[in-house]
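Coordinates in review
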Amino acid sequence: MPNVESDGPPPRDAWVTEFRRLLPQWESLRDSSKAIIPISISRVNQFDAARLDVEMSAMLKEQLVKVFSLMKPGLLFQYEPELDAFLEFLIWRFSIWVDKPTPGNALMNLRYRDERATPITGKEGIFSFSNTFYFSISIVDKFVYDIQSVVSFPYPSCQL
């Protein structure tokens with residue numbers, strides 16, 4: 001505390017000395033507002049969001065099947081893996097790639113960010129490498145598995 005004289009006004013530069021004394025405290029408070037808030041997301045919420053994504057994809061697929069209902073029967077079954085991959089690609093492209101949540105995550109109000117990159121750049125979200133990796137693991141891998149299943153068992157009656 002600065003000296004307080006009870007018999008007269010404070011010195012002319014008292015505000016300057018007080019400002020210099022309080023400036024570090026003010027800057028530390030200002031910088032603390034930019035602090036990264038830790039995110040804890042329950043695993044159950046993540047599973048629920050993933051399940052909602054699967055349901056939304058199934059709803060899109062159902063609508064697309066209705067569009068092609070007047071076509072030759074079995075024609076759409078022949079291209080089912082490609083159709084599934086295309087629908088998953090559309091969901092990925094218009095949600096994750098543009099740094100938006102998937103439909104399930106949006107309904108559950110979940111948001112992810114790259115914890116390693118946030119303090120450095122201040123940009124929240126997941127970067128393009130992670131997006132591309134997610135695409136290759138979740139969509140391309142599933143597509144390859146589906147194609148392999150179709151090649152192994154060309155007709156649904158052959159599946160065990």
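Provided above is the structure to which this section pertains.
Values in this document were obtained by computation on a predicted structure and should not be read as measured data.

Topic: the packing of aromatic side chains
This model, assessed by the stated rule, comprises one aromatic pair. When the centroid spacing of 6.0 Å and the interplanar angle of 35 degrees are considered together, the rings of Phe89 and Trp92 count as tilted. Remark: Trp92 and Phe89 occur in helix α4 (residues 80-93); sequence separation between them is three residues, near one turn of the helix. Residue classification places Phe89 among the partly exposed positions, given a relative accessible area of 31%. Look at Trp92 and you get buried, because its relative accessible area is 8%. Above the ring of Phe94, the side-chain terminus of Arg93 is found at 5.4 Å from the ring centroid.

Considering empty space enclosed by the protein
Counted under the stated rule, the structure contains one cavity of 30 Å³ or more. As a volume, the largest cavity reaches approximately 40 Å³. Forming the walls of the largest cavity are Pro81, Asp84, Ala85, Glu88, Ser138, Ile139, Lys142, Phe143 and Asp146. Element by element, the count of residues in the lining of the largest cavity is highest for helix α7 (residues 128-152), at five residues. For the lining of the largest cavity, a count of residues per class yields four nonpolar, one polar and four charged.

Notes on a nonpolar patch on the surface
On the surface, a nonpolar cluster with roughly 290 Å² of combined accessible area is contributed by Val67, Phe68 and Met71. As for its position among the elements, Phe68 is in the loop between α2 (43-67) and α3 (75-78).

About the cut-offs
Residues numbered from 1 in each chain as written. Predicted model: local features only at pLDDT ≥ 70, side-chain atom pairs only at ≥ 80, totals over all residues. Heavy atoms only, no water. Phe/Tyr/Trp six-rings, centres within 6.5 Å; stacked < 30°, edge-to-face > 60°. Helix = DSSP H or I, 4+ residues; strand = E, 2+ residues; numbered from the N terminus. Buried < 20%, exposed > 50% of the residue type's maximum accessible area, 1.4 Å probe, protein only. Lys NZ or Arg CZ within 6 Å of the ring centre and 35° of its normal. 1 Å grid on protein atoms, 1.4 Å probe; cavity = no way out; pocket = protein on both sides within 12 Å on 5 of 7 lines; lining within 4 Å. Points joined across faces, edges and corners; volume = space filled by probe spheres on them. Nonpolar A, V, L, I, M, F, W, Y, C, P; charged D, E, K, R; others polar. Patch = residues over 30% accessible without salt bridge, like charges linked within 9 Å, V, L, I, M, F, W, Y side chains within 5 Å. Areas by Shrake-Rupley, 256 points an atom, 1.4 Å probe, with all protein chains shown as cover. Salt bridge = Lys/Arg side-chain N within 4 Å of Asp/Glu carboxyl O.

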